[in-house]
Amino acid sequence: MKICVMPGDGIGPEIMEQGVKVLNVIGEKFGHKFETTEALIGGAAIDATGGPLPEETIKACKESDAVLLGAVGGPKWDTIDPAIRPERGLLGIRKELSLFANLRPAALFSELKEACYLRADIVERGLDVMVVRELTGGIYFGEPRGTKTENGERMGYNTMVYYEHEVKRIAKVAFEAAMKRDKRLCSVDKANVLDVSRVWREIVIEVSKDYPEVELSHMYVDNAAMQLVRDPSQFDVIVTGNLFGDILSDAAAAITGSIGMLPSASLGASNPGLYEPIHGSAPDIAGENKANPLATILSIAMMLRYSFNMAEEADCIEAAVEKTLSEGLRTGDIMDEGGKLVGCTEMGEAVIKNL
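Quick look at the structure, then.

Time to look at the nonpolar core. The nonpolar side chains of a soluble globular protein tend to be buried with one another. Of all hydrophobic cores here, the largest spans 85 residues; its most connected members are L103, M303 and L304. Per-element tally for this core: the top contributor is helix α10 (residues 294-306), with 9 residues. In this structure, C61, V67, L97 and L274 belong to the second largest nonpolar core, which totals 16 residues.

Set out below in structure tokens:
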């Protein structure tokens, strides 16, 4: 299996170093051969080539079976032309690989429950939600859009539009994700107000006929936001459009209280998937051995599960992370009373020991 590794900027290289070490140990343990190729993206690519996404990087990604990304960006590049900012590299590679589905799990490890913002009785019911967000359509990309002056005042307008094929493919990804989990899928829309949501709901129902094992439900987005805070245990997988998914996935991540623990995946129809932690490049602690590598390590577990159908190997990584946390080891971002403060390298070594 060929994997393109893009460490990126800030803490990216150090968290990716620990992640690749975990991947290699999994390869040895289960008899797999993972071939990794490193490529530039973001600020590191700007410094080396003048642009955030070199052609060599695009080529390396397309020739791989999966892609791992650390993080991009930092104050060093904040004042350059917005057209070549580091973040353009991330948007660019998503486009080049036609990645239309973003999978973002928000799971709360019991060892970190004190960090959760929710009431203790809610936390006890569990928090393990997967948000599947459509990534390339909806109101962010719909036409017409723009600004103009009408009747003497300024106005702005955007169009929320979804085509049947766009809804079908994201629904299929969500149903497949539900099949790998608890086989429950909630489709979130605003069908009581929006015509586009009514079409969305009709198509999701049609796709559900191919997945009779999955229990499908529907919820309006305003209610879903409330229910996510009131009782997240009722959700397994949530599928929704670009705008609603942008909001709900961030809300789901925030209520865990530990953004440094959360992985993500961006998937397409046939091109390699892109796996990355949802936290940023944290330039203030870069190179200081303070970063939390667990979100990157958990992103590798997602890669094994969703790109390579290696459920046992993914379970092994997740169990090792949980055991490491149960031993009281904590990086600064998840430090709690009674925890043992360790650095990025030490946390990675502990996970490897527990594999």
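Helix packing for two helices is described by the angle between their axes and how far apart those axes are. For the pair α10 and helix α11 (residues 311-326), interaxial distance at closest approach is 7 Å and the crossing angle is 160°. It follows from the interaxial angle that α10 and α11 lie roughly antiparallel. Pair α10 / α11 crosses with left-handed handedness. Contacts between α10 and α11 involve L294, I297, L298, I300, A301, L304 and R305 from the first element and A311, E313, A314, D315, I317, E318, V321 and L325 from the second. A class-by-class count of the residues in the contact of α10 with α11 yields 11 nonpolar, no polar and 4 charged.

Attention now goes to helix α8 (residues 221-230). Listed as buried for α8 are V221, A224, Q227 and L228. What you see down the axis of α8 is that its buried residues fit within an arc of 115°, all on one side. Buried residues belonging to α8 abut β5 (128-134), β8 (184-189), β9 (215-220), β10 (237-240) and α9 (242-256).

A full pass over the atoms with the stated rule returns 3 aromatic pairs. A cation over an aromatic ring shows up here: K148 above the ring of Y157, its NZ or CZ 5.7 Å from the ring centre. If you follow R169 out to its NZ or CZ, it ends over the ring of F100, 4.3 Å from the centre.

Let us now look at helix α4 (residues 86-96). Taken together, the buried positions of α4 are occupied by P86, G89, L90, G92 and I93. End-on view of α4: buried residues confined to an arc of 165°, all on one side of the axis. The inward-facing, buried residues of α4 abut α2 (43-49), α3 (55-62), β3 (66-71) and β12 (273-277). Note on α4: the residue one or two positions beyond its end, S98, has a positive phi of about 55°.

With mixed pairing, 10 strands are arranged side by side in an open sheet as β2-β1-β3-β12-β11-β4-β5-β10-β8-β9. Looking along the sheet, the strands with just one partner apiece sit at the ends: β2 (35-38) and β9. Between one strand and the next, the sheet's axes are offset by a mean angle of 20°, whatever the strand orientation. Inspection of the sheet shows β8 paired to β9 by 6 bridges, in the parallel sense. The residue of β9 that forms the bridge with R184 is E215.

Conventions adopted
Residues numbered from 1 in each chain as written. Predicted model: local features only at pLDDT ≥ 70, side-chain atom pairs only at ≥ 80, totals over all residues. Heavy atoms only, no water. Core = buried A, V, L, I, M, F, W, Y, C linked by side-chain atoms within 4.5 Å. Buried < 20%, exposed > 50% of the residue type's maximum accessible area, 1.4 Å probe, protein only. Helix = DSSP H or I, 4+ residues; strand = E, 2+ residues; numbered from the N terminus. Axes fitted to C-alpha atoms, helices over the stretch in contact; angles between N-to-C directions. Parallel < 35°, antiparallel > 145°, perpendicular 65-115°, else oblique. Left-handed = near helix turned anticlockwise from the far one by under 90°. Contact = heavy atoms within 4.5 Å. Nonpolar A, V, L, I, M, F, W, Y, C, P; charged D, E, K, R; others polar. Arc of directions from axis to C-beta. Phe/Tyr/Trp six-rings, centres within 6.5 Å; stacked < 30°, edge-to-face > 60°. Lys NZ or Arg CZ within 6 Å of the ring centre and 35° of its normal. Pairing = 2+ DSSP bridges.

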